[in-house]
Amino acid sequence: MRIDILTLLPEVFVYLNHSILQRAQAAGLVDIRLHHLRAYATGKHRATDEPPFGGGGGMVLKPEPLFTAVASILNDEQVNAPPPTPAPAHPIILMTPQGRPFTQSIAQELAQHERLLLICGRYEGVDERVRQHLVTDEISIGDYVLTGGELAAMVVADAVVRLLPGALGAAGAAETDSHATGLLEGPHYTKPATFRDWKVPNVLRSGHAGQIARWRRQEALRRTWERRPDMLLTAVLSEEDKWFLGQLAAGEQ
Ligand code: 6GU
């Protein structure tokens, strides 16, 4: 997979050069390329932003550098051609608090693509023509406002790359994640078996694979019930799951 990121602050993306994301790149699973928006701006000052027409506060990202940059990055003149133009082959995603809320299922959807282009907004926003005629999608990472789309682009890149086959150590590690199953994960324990009198549940040390799987499922249900009951409305539940939730509701577990 290839992920292009268009930004005014390429320096802040060092996070992507560490740990699992670094390994995924070294292993050739993903090629992440940063592009400085200013390199596509023209004029003496290479301005990328201007005050809004009609007045009001803040600055707005100009359309020309964004259109030129995207066309150049995708090596795709159709972006600059007059309409009607065919739909772009790869998602061109604007990071903005007005976008659709990012979820694990959007991460899974994006991980299926061969290429992604993430555009980081800054200032008050971007010229509306970028929304209307350049990007194919808009994503937000939550209901709060950041100073720019860079942190959000790193969040999306991280969530997508760890889903690529081979990115995580153990095969299937991403399949049991919180959210991937529609439930939160239950508790995890490691050595020592007793720490300050606090013991690891016996079942986890019993060696009974079936009992361990059942306990984990029940603890995932319990945690989701306690913390995110909204997720139980869409989770895929077996008859046994429903029985256990009934027990929880009755205060019997
Ligand atoms: Cl994608 N951008 C900005 N600037 N703020 C955000 C966001 C994105 N998602 C949540 N808040």
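Every value quoted in this text rests on a predicted model; they were computed, and no experiment measured them. (Residues numbered from 1 in each chain as written. Predicted model: local features only at pLDDT ≥ 70, side-chain atom pairs only at ≥ 80, totals over all residues. Heavy atoms only, no water.)

Asks: In this structure, what is going on with the side chain of Arg2? I would like to understand it.
Replies: Structurally, the position occupied by Arg2 is in strand S1 (residues 2-7). Its relative accessible area of 19% is what places Arg2 among the buried residues. Of the polar contacts made by the side chain of Arg2, one reaches the side chain of Asp4; its length is 3.1 Å. If we ignore the near neighbours within four places in the chain, the residues touching Arg2 are Asp31, Arg33, Ile73, Glu114, Arg115 and Leu116. (Helix = DSSP H or I, 4+ residues; strand = E, 2+ residues; numbered from the N terminus. Buried < 20%, exposed > 50% of the residue type's maximum accessible area, 1.4 Å probe, protein only. Polar contact = N/O pair within 3.5 Å; in protein donor to acceptor, adjacent residues only side chain to side chain. Contact = heavy atoms within 4.5 Å.)

Asks: I keep staring at the domain arrangement of the protein and nothing clicks. Help me out?
Replies: How large an interface is tends to be reported as the accessible area lost when its parts come together. Taken domain by domain, the protein consists of domain 1 (2-161) and domain 2 (178-249). If you average the C-alpha positions of domain 1 and of domain 2, the two centres end up 38 Å apart. (Domains from an automatic or database assignment.)

Asks: Before we go on, may I ask you to explain the sheet that holds S1 in this structure?
Replies: Hydrogen bonds between backbone atoms are what pair the strands of a sheet, whose relative direction is either parallel or antiparallel. On the basis of which strands lie adjacent, the open sheet formed by five strands has the order S2-S1-S6-S5-S8 and parallel pairing. The two strands at the open ends of the sheet, each matched to only one other strand, are strand S2 (31-36) and strand S8 (137-140). Between one strand axis and the next, the sheet turns by 35° as a mean value, whatever way the strands run. Against the sheet, helix H3 (residues 104-111) touches strand S5 (92-101), strand S6 (115-120) and S8, its axis set at about 170° to S5. Helix-sheet contacts for helix H5 (residues 150-161) involve S1, S5, S6 and S8, and the interaxial angle to S6 is about 160°. (Pairing = 2+ DSSP bridges. Axes fitted to C-alpha atoms, helices over the stretch in contact; angles between N-to-C directions.)

Asks: Honestly, the pairing of S6 in this entry has me stumped. Any pointers?
Replies: Along a regular strand, successive side chains alternate from one face of the sheet to the other. Of all six residues in S6, six are buried; the element is thus mostly enclosed. For the handedness criterion, the β-α-β arrangement of S5, H3 and S6 is classed as right-handed. (Right-handed = clockwise from strand over helix to strand, strands pointing away.)

Asks: Before we go on, may I ask you to explain the site of the ligand in this structure?
Replies: The environment of the ligand is formed by Met95, Thr96, Pro97, Ile139, Ser140, Ile141, Gly142, Tyr144, Leu146, Gly148, Gly149 and Ala152. Within the backbone of Leu146, a nitrogen or oxygen atom sits 3.1 Å from a nitrogen atom of the ligand. In isolation the ligand has 290 Å² of accessible area, and contact with the protein removes 96% of it. Going through the elements one at a time, S5 and S8 are the ones with two or more residues in the shell around the ligand. Element by element, the count of residues in the shell around the ligand is highest for S5, at three residues. (Near = heavy atom within 4 Å. Areas by Shrake-Rupley, 256 points an atom, 1.4 Å probe, with all protein chains shown as cover.)

Asks: What's the story with the sheet that holds strand S7 (residues 125-126) in this structure? I'm lost.
Replies: Taken in spatial order, the three strands of this open sheet run S3-S4-S7, and their pairing is mixed. Looking at strand neighbours, the two that pair on one side only are strand S3 (49-50) and S7, the edges of this open sheet. As defined by bridge partners, strand S4 (residues 60-61) adjoins S7 across two bridges and the pair is classed as parallel. In the strand pairing of S7, Val60 is matched with Gly125.

Asks: In this structure, what is going on with the nonpolar core? I would like to understand it.
Replies: Among the nonpolar cores identified, the biggest contains 32 residues, and Ile3, Ile5 and Leu110 are the most heavily contacted of them. Going through the elements one at a time, S1, helix H1 (19-26), S5, H3, S6 and H5 are the ones with two or more residues in this core. Counting residues per element, this core draws most heavily on H5, at eight residues. Setting aside residues no more than four positions away along its own chain, Leu110 makes contact with Met1, Ile93, Phe102, Leu116, Ile139, Val156 and Val160. Ranked by size, the runner-up nonpolar core spans 18 residues in total, among them Leu37, Leu66, Ile73 and Leu134. (Core = buried A, V, L, I, M, F, W, Y, C linked by side-chain atoms within 4.5 Å.)

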